[in-house]
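# Breakdown of the fold
These are the residues of each chain, in order.
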Amino acid sequence: QVELVESGGGLVQAGASLRLSCAASGGTFSDYAVGWFRQAPGKEPGKEREFVAAISYNAEHLYYADSVKGRFTISRDNAKNTVYLQMNSLEPEDTAVYRCARRTSTGTIDSPRAYGNWGQGTQVTVSS
């Protein structure tokens, strides 16, 4: 049973940086892609879980939402069973609960339906 646990969130001012971690246990970590999503209150139905970034099992392929390109960087360390999300130049609009998940199907990379084993999430709050 794969379990993912996020950490690294916090309260920061606009322009600051944070690094989130997604630590995995169970299963073979290097076998699967991992995605980061975020959930913010008040989103319209069907868009509650917003894609942020994803990384292939061997880190050869990286994917980003347009809203975070150039500011966020996803990486992984398979020896440590951990995926990271480095977030720079944070904006108040980045405020959300950030969750990581294991890609479990061949659906589109930015669809939450392609993922399972969701972590509980870590809160990121960016003040203006």
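The following paragraphs examine the structure supplied in this document. Counting from 1, residues in each chain are numbered in the order their sequence is written. pLDDT decides what is reported in this predicted model: residues at 70 or higher carry local features, side-chain atom pairs at 80 or more are listed and counted, and totals for whole chains, interfaces and linings draw on all residues regardless. Excluding hydrogens and water, the side-chain figures rest on all heavy atoms present in the structure.

## Quick word on the sheet that holds strand S1 (residues 3–7)
Note the cut-off: Strands are treated as partners if at least two bridges between them are detected by DSSP. Helix numbers and strand numbers start at the N terminus; a helix is a DSSP run of H or I with at least 4 residues, a strand a run of E with at least 2. A fitted line through C-alpha atoms represents every axis, and for helices the fit uses only the stretch in contact; the resulting angles, taken between N-to-C directions, go from 0 to 180 degrees.
With antiparallel pairing, four strands are arranged side by side in an open sheet as S1-S3-S8-S7. Each end of this open sheet is capped by a strand with a single partner; those strands are S1 and strand S7 (72–77). When the angles between neighbouring strand axes are averaged without regard to direction, this sheet yields 15 degrees. Across five bridges, S1 lies against strand S3 (residues 18–25) in antiparallel orientation. Considered in S3, the bridge of Ser7 is made with Ser21.

## What to know about the state of the cysteines
In plain terms, the rule: Criterion for a disulfide: a pair of cysteine sulfur atoms at a distance within 2.5 Å. Relative accessibility decides the category of a residue: with a 1.4 Å probe and only protein chains considered, values under 20% of the type maximum give buried, values over 50% give exposed, and everything between is partly exposed.
Applying the stated criterion across every chain yields a total of one disulfide. Cys22 shares a disulfide with Cys100; S-S distance 2.1 Å. Disulfide Cys22-Cys100: the torsion about the S-S bond is 80 degrees, which places it as right-handed. With a gap of 78 residues between them, Cys22 in strand S3 and Cys100 in strand S9 (residues 96–103) connect regions that are remote in the sequence. Take Cys22 and Cys100: they sit in the same class, and that class is buried.

## Comments concerning the pattern of salt bridges
Oppositely charged side chains can pair when the atoms bearing their charge come close. Stated precisely, the cut-off is as follows: Just to be clear on terms, a salt bridge is a Lys or Arg side-chain nitrogen sitting within 4 Å of an Asp or Glu carboxyl oxygen.
For the structure on display, the rule yields five salt bridges. The shortest N-O distance in the salt bridge between Lys69 and Asp66 comes to 3.2 Å. For Asp66, a relative accessible area of 65% gives the class exposed. The partner of Arg71 in a salt bridge is Asp94, with the nearest N and O atoms 2.7 Å apart. Note that Arg71 is positioned in the loop between strand S6 (62–64) and S7 and Asp94 in the loop between strand S8 (82–87) and S9, a separation of 23 residues in sequence. Taken together, the salt bridges that share partners define one network made up of Arg38, Glu50, Arg71, Glu91 and Asp94.

## Notes on the environment of Gly119
Inclusion rule: It only takes one pair of heavy atoms within 4.5 Å for two residues to be counted as in contact.
Secondary-structure assignment places Gly119 in the loop between strand S10 (115–116) and strand S11 (122–127). On a C-alpha basis, the gap between Gly119 and Val5 in space is 5.2 Å, while along the polypeptide they are 114 residues apart. Here Gly119 is in contact with Leu4, Glu6, Arg99 and Cys100, once residues within four sequence places are set aside.

## Regarding the environment of Ile109
By secondary structure assignment, the location of Ile109 is in the loop between S9 and S10. Among the residues examined, Ile109 registers a relative accessible area of 18% and is labelled buried. Excluding residues within four positions of it along the chain, Ile109 makes contact with Phe37, Phe51, Ala54, Tyr63, Arg103 and Tyr115.

## Observations regarding the packing of aromatic side chains
Condition: Note on aromatic contacts: the rings of Phe and Tyr and the six-membered ring of Trp form a pair at centre separations within 6.5 Å, being stacked when their planes are under 30 degrees apart, edge-to-face when over 60 apart, and tilted otherwise. Cation placement over rings: the criterion is NZ of Lys or CZ of Arg within 6 Å of the ring centroid and within 35° of the ring normal.
Going through the model one piece at a time under the given rule, you end up with five aromatic pairs. A cation over an aromatic ring shows up here: Arg49 above the ring of Trp118, its NZ or CZ 4.2 Å from the ring centre.

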